[in-house]
Amino acid sequence: MTDRQKRILIGLMMGIGVSLFVHFATRISGFVLTDLIDGYEYKSYDTRMKSRASFSEEASIDDVVIIDIEQNSVESLGNYHEWPHAYHGQLTDVVSSGNPKALIFDIIFDEKGAGNYYLVDALASNQIEPSPELQQVANQYLANYDPTQFVRSTSQSTVAHHALVFENSDSINFLYAMDQLPEAYDAKNHVLDISPEIAEKLPTAERLGNTYFNLLTSAHGAGAANFPQDEDGMIRRAPTAIHFKGSGEVFPTLIFSAVMDILGIPANGFLYDFDNHLLRLRDSTGTTVREIPIDDQGRMYVNYYGMFKTFYYIPYMYCFDPEMLDPSYWEGKVALVGASLPGLMDLRNTPVQETFAGVEIHANVIHSILQNEFVKRASNRQNFLSILFLAVLIGTLSAVPKKPFWGFLILGLGAIGWQLFSYSQFLEQRFMWEIIRPTLSMTLAQLGIFSYTFLVLEKDKRFLKNTFSTYISPELIDQMYDNKEEPKLGGTEGRHTAFFTDIQSFSGFSEKLTPSELVELLNDYLTEMTDILLENKGTLDKYIGDAIVAFYGAPAPVSDHEYWACLTAVKMQDRLAELREKWQGDGERWPEIVHHMQNRIGINTGPMVTGNMGSAMRMNYTMMGDTVNLAARLESSAKQYGVYIQVAEESYKACKDKFIWRDLDFVIVMGKTEPSQVFELIAEIGNMPPGYDKLLPAYDEALELYKNQEWAKAIDAFKASNELESMFPGRKTNPSRIYIPRCEHYKENRPGDDWDGVWTLTSK
């Protein structure tokens with residue numbers, strides 16, 4: 001199995017493992033991680049809801065209207081807490097006469113004392129001859145403060161729905177749990193027909209906080225106005241019904257009380273399907289008219305249509321006076337009575353806005369039901385499948401690239417893609433996918449495969465880099481890793497190419513430069529040359545002062561290593577020419593000797609031993625063998641010919657069609673006994689230097705005469721080719737020039753017919 005296949009398998013297993021952990025471990029009730037993840041999920045939901053709500057305009061919804069107890073109404077009618085209930089009775093009469101779908105009071109009323117009313121009534125009735133002015137004032141007062149009008153108007157209205165407030169017990173404040181509803185409240189027309197098994201799953205309450213029981217009993221409908229907050233104080237969900245724990249009754253919420261009336265839902269029309277998280281509302285004919293997504297407590301997510309005042313608000317003072325607002329305005333509308341004044345304590349914290357009128361939350365809920373538009377949350381099964389799919393996908397894809405850090409890019413793209421998908425699903429279809437758990441699962445899967453790759457699979461590569469990074473290219477290290485070619489102690493014999501280069505007449509540089517200048521120059525030169533060496537698959541053996549010792553084909557195999565060595569030599573000469581131009585451009589910064597710096601290169605191919613050599617305490621990866629020695633001699637002997645790249649025959653044969661060459665000699669270098677055919681490497685094919693198109697044919701003709709022992713003609717021919725040689729600064733001789741005295745020597749000392757053409761060098 002390849003490393004990539006191992007990574008993919010591990011990525012697959014990581015994806016499955018982390019998805020199981022994230023899905024199940026973060027849903028354990030009471031577990032700190034569950035609360036943490038749920039908190040972030042809520043925040044992501046809030047962001048999506050706020051984004052969707054931001055597209056709505058103020059007062060853009062007017063089929064649900066809020067009758068607002070706001071500043072102008074308070075200034076006109078007086079302190080709200082001193083308003084007589086007759087105002088609300090008059091409002092009920094006026095609005096009900098306009099035939100609305102529902103009139104919903106999101107207000108908890110307490111019965112007011114009527115002592116003053118009866119006192120004024122008695123005084124006005126007992127006057128024998130009351131003055132017209134006094135009688136008018138008394139009648140006006142009695143009309144405005146009639147304590148029975150609100151109850152009477154409520155009982156006469158077929159659309160009025162009042163709020164119930166359910167509470168839990170508070171023994172500290174002597175608010176104990178109730179065993180049954182107060183006898184003064186006849187609730188038989190307000191309760192639902194729900195089985196005890198279903199009722200136990202709904203939000204529960206232990207006591208009823210209302211006190212104005214005559215008003216509640218006379219109401220056409222009544223329901224709980226409770227909006228339980230999530231743990232962070234946010235209102236995201238609205239109950240559909242409340243279970244009174246004392247005597248077991250189940251009450252619809254205030255909005256569902258009105259919905260029952262509008263849609264014709266009987267008391268037994270609430271069908272809770274907790275397996276599928278649905279509440280089905282059936283009318284009196286048994287037809288399902290709504291399917292509402294709910295959570296495991298029967299609560300629905302509030303579908304917020306916009307920011308504060310997306311619904312139409314009308315001041316209370318206009319609505320209870322038919323001369324200010326014609327009752328026909330209410331035809332077919334839903335009217336909600338509530339308060340936006342901060343002092344009336346009905347401002348709530350919602351996903352779309354921190355300060356939001358509670359009455360408008362009710363407006364959003366009833367509008368959502370009437371429009372049949374609900375926020376639907378993905379089921380546990382759907383969430384698990386999404387977590388599993390994404391974790392496996394990212395875990396597998398992150399395992400494909402060789403470099404593990406690419407996995408972070410894949411993770412980022414996956415996380416962004418899932419967020420975009422989740423947002424689009426919510427904005428377009430109000431469908432809520434989880435974001436945090438899938439993102440967490442993708443992250444853990446990617447980190448898992450990254451850790452495995454880095455700590456296990458990359459261990460060998462790091463060892464190779466630590467061992468070889470200073471003297472071979474990263475590409476060759478990758479190749480060694482892919483081919484499982486680990487370095488071994490000792491040497492390995494193979495056919496490779498040796499490469500030597502140093503600076504011509506470097507001792508002269510020491511005389512012209514200060515030590516710091518010499519170090520700066522040498523570092524600049526060695527950096528450039530070494531970069532070229534490593535970029536072209538070379539292995540750096542060592543530096544010896546200004547000299548660079550290198551080889552090709554080890555420790556990692558390199559096909560055509562002869563070609564890469566020769567290409568390196570050509571590119572080094574090209575780069576050195578550029579450096580000379582740069583140093584010349586520095587003016588007096590560098591002496592003349594630097595402006596004309598040249599280096600010599602020797603290349604030879606053959607058998608050699610490469611490996612870690614040295615002592616047990618200190619080793620160096622290097623090369624040894626006769627092939628290496630000849631390459632070193634070729635570098636040093638190049639100065640005798642006035643050339644700068646001298647290549648032995650074995651290297652020449654392997655890549656002779658890819659470069660421009662000059663046949664130099666058949667020579668025995670100093671320290672050797674066997675002759676070698678050597679060549680000058682000039683340039684790559686197609687990059688003929690100026691003048692060489694004439695020089696090389698003239699030189700080859702002269703060399704052919706030399707090999708045929710036609711000494712006089714050879715001398716004349718070499719003199720002719722010498723005229724074509726370029727003698728730039730620092731070049732003391734050239735191949736044409738060195739053959740002239742040699743021909744003169746052979747002319748006087750003929751070698752004979754058995755001459756093999758070998759010339760023995762007497763110096764390095």
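Our structure is the block above this text.
Parameters at a glance
Residues numbered from 1 in each chain as written. Predicted model: local features only at pLDDT ≥ 70, side-chain atom pairs only at ≥ 80, totals over all residues. Heavy atoms only, no water. Pairing = 2+ DSSP bridges. Helix = DSSP H or I, 4+ residues; strand = E, 2+ residues; numbered from the N terminus. Buried < 20%, exposed > 50% of the residue type's maximum accessible area, 1.4 Å probe, protein only. Phe/Tyr/Trp six-rings, centres within 6.5 Å; stacked < 30°, edge-to-face > 60°. Salt bridge = Lys/Arg side-chain N within 4 Å of Asp/Glu carboxyl O. Arc of directions from axis to C-beta. Core = buried A, V, L, I, M, F, W, Y, C linked by side-chain atoms within 4.5 Å. Axes fitted to C-alpha atoms, helices over the stretch in contact; angles between N-to-C directions. Contact = heavy atoms within 4.5 Å. Patch = residues over 30% accessible without salt bridge, like charges linked within 9 Å, V, L, I, M, F, W, Y side chains within 5 Å. Areas by Shrake-Rupley, 256 points an atom, 1.4 Å probe, with all protein chains shown as cover.

**Quick look at the sheet that holds strand β10 (residues 250-252)**
Across a sheet, paired strands are connected by hydrogen bonds in the backbone, their directions being either parallel or antiparallel.
Working step 1: Here three strands make up an open sheet; going across it, the order is β5-β9-β10 and the pairing mixed. In this open sheet, the two edge strands, each paired with only one partner strand, are β5 (204-205) and β10.
Working step 2: Across two bridges, β5 lies against strand β9 (residues 241-244) in parallel orientation. Residue pairing across strands places Thr-204 opposite His-243, the latter belonging to β9.

**Considerations on unusual backbone geometry**
Working step 1: Along the chain, Ala-554 connects to Pro-555 via a cis peptide bond; the corresponding omega equals 5°.
Working step 2: Among the structural elements, Pro-555 can be located in the loop between β23 (547-552) and α19 (561-585).
Working step 3: For Phe-174, which is not glycine, the phi torsion reads 60° and is therefore positive.
Working step 4: Considering the arrangement of structural elements, one finds Phe-174 in the loop between β4 (166-167) and α8 (196-199).
Working step 5: Positive phi outside glycine occurs at Asp-560, with the angle close to 60°.
Working step 6: Inspection of the secondary structure assignment puts Asp-560 in the loop between β23 and α19.
Working step 7: For Asp-560, a relative accessible area of 45% corresponds to the partly exposed category.

**Some thoughts on the packing of aromatic side chains**
Working step 1: Evaluation of the coordinates by the stated rule reveals 47 aromatic pairs.
Working step 2: Plain terms: the ring middles of Phe-405 and Phe-450 are 5.2 Å apart, the flat faces sit at 65° to each other, and that makes the pair edge-to-face. Taken as a pair, Phe-405 in the loop between α13 (380-398) and α14 (406-429) and Phe-450 in helix α15 (residues 436-468) lie far apart in primary sequence, 45 residues in all.
Working step 3: A relative accessible area of 55% means that Phe-405 is categorised as exposed.

**Quick word on the pattern of salt bridges**
Working step 1: With the rule as written, the count across this model stands at 32 salt bridges.
Working step 2: Arg-280 is paired through a salt bridge with Glu-291; the nearest N and O atoms lie 3.2 Å apart. Remark: Glu-291 occurs in strand β13 (residues 288-293) and Arg-280 occurs in strand β12 (residues 278-282); sequence separation between them is 11 residues.
Working step 3: One salt bridge in this structure joins Glu-434 and Arg-437, with 3.1 Å as the shortest N-O distance. In this structure, Glu-434 and Arg-437 share a single accessibility class: buried.
Working step 4: Overlapping salt bridges bring together Asp-46, Asp-230, Asp-232, Arg-236, Arg-237, Asp-295 and Arg-299 as one network.

**Here's the deal with helix α7 (residues 149-156)**
Working step 1: When α7 is considered as a whole, its buried residues turn out to be Gln-149, Phe-150, Ser-153 and Thr-154. The arc that holds the buried residues of α7, viewed along the axis, is 130°, so those residues lie on one side.

**Structural notes on the environment of Pro-741**
Working step 1: Within the secondary structure, Pro-741 sits in helix α25 (residues 735-748).
Working step 2: Residue class for Pro-741 comes out partly exposed when judged on its relative accessible area of 46%.
Working step 3: Measuring from C-alpha to C-alpha, the distance between Pro-741 and Ile-715 comes to 8.3 Å, with 26 residues separating the pair along the chain.

**Focus: the nonpolar core**
Working step 1: Within the largest apolar cluster, 58 residues are counted, with the highest numbers of intra-cluster contacts made by Ile-104, Phe-270, Tyr-272, Leu-336, Ile-366 and Ile-369.
Working step 2: Here the element with the most residues in this core is helix α12 (residues 358-371); it accounts for seven residues.

**Side note on the pairing of strand β1 (residues 61-69)**
Working step 1: When you tally the buried positions in β1, you get seven out of nine residues, the bulk of the element.
Working step 2: Alignment of β1 against strand β15 (residues 311-315), held across five bridges, turns out to be parallel. Counterpart to Val-65 in the pairing with β15 is Tyr-312.
Working step 3: In this structure, β1 lies alongside strand β16 (residues 334-339), joined through six bridges in parallel fashion. Within β16, the position partnered with Ile-67 by the bridge is Val-337.

**Some words on the pairing of β13**
Working step 1: Here β12 pairs with β13 via five bridges, running antiparallel. Bridging across to β13, Leu-278 finds its partner in Pro-293.
Working step 2: Here β12 folds back onto β13, and the loop between the two strands holds five residues, one of which, Gly-286, carries a positive phi near 90°.

**Structural notes on the sheet that holds strand β11 (residues 270-273)**
Working step 1: Reading across from one edge, β11-β12-β13 is the order of the three strands in this open sheet, with antiparallel pairing throughout. Of all the strands in the sheet, just β11 and β13 have a single pairing partner and so form its edges. Direction aside, the axes of adjacent strands within the sheet are offset by 20° on average.

**Observations concerning the side chain of His-496**
Working step 1: By secondary structure assignment, the location of His-496 is in strand β21 (residues 490-503).
Working step 2: Given a relative accessible area of 10%, His-496 falls into the buried group.
Working step 3: Apart from residues no more than four positions distant in its own chain, His-496 is found in contact with Tyr-552, Gly-553, Ala-554, His-561, Asn-604, Thr-605, Gly-606, Met-608 and Thr-610.

**Examining a nonpolar patch on the surface**
Working step 1: A cluster of nonpolar side chains, namely Leu-9, Leu-12, Met-13, Ile-16, Leu-20 and Phe-24, defines an oily patch on the protein surface of about 530 Å² accessible area.
Working step 2: Among the structural elements, Leu-9 can be located in helix α1 (residues 3-25).
Working step 3: Accessibility expressed as a relative area gives 38% for Leu-9, which makes it partly exposed.

Note that all results are geometric; they support no functional claim without further evidence.
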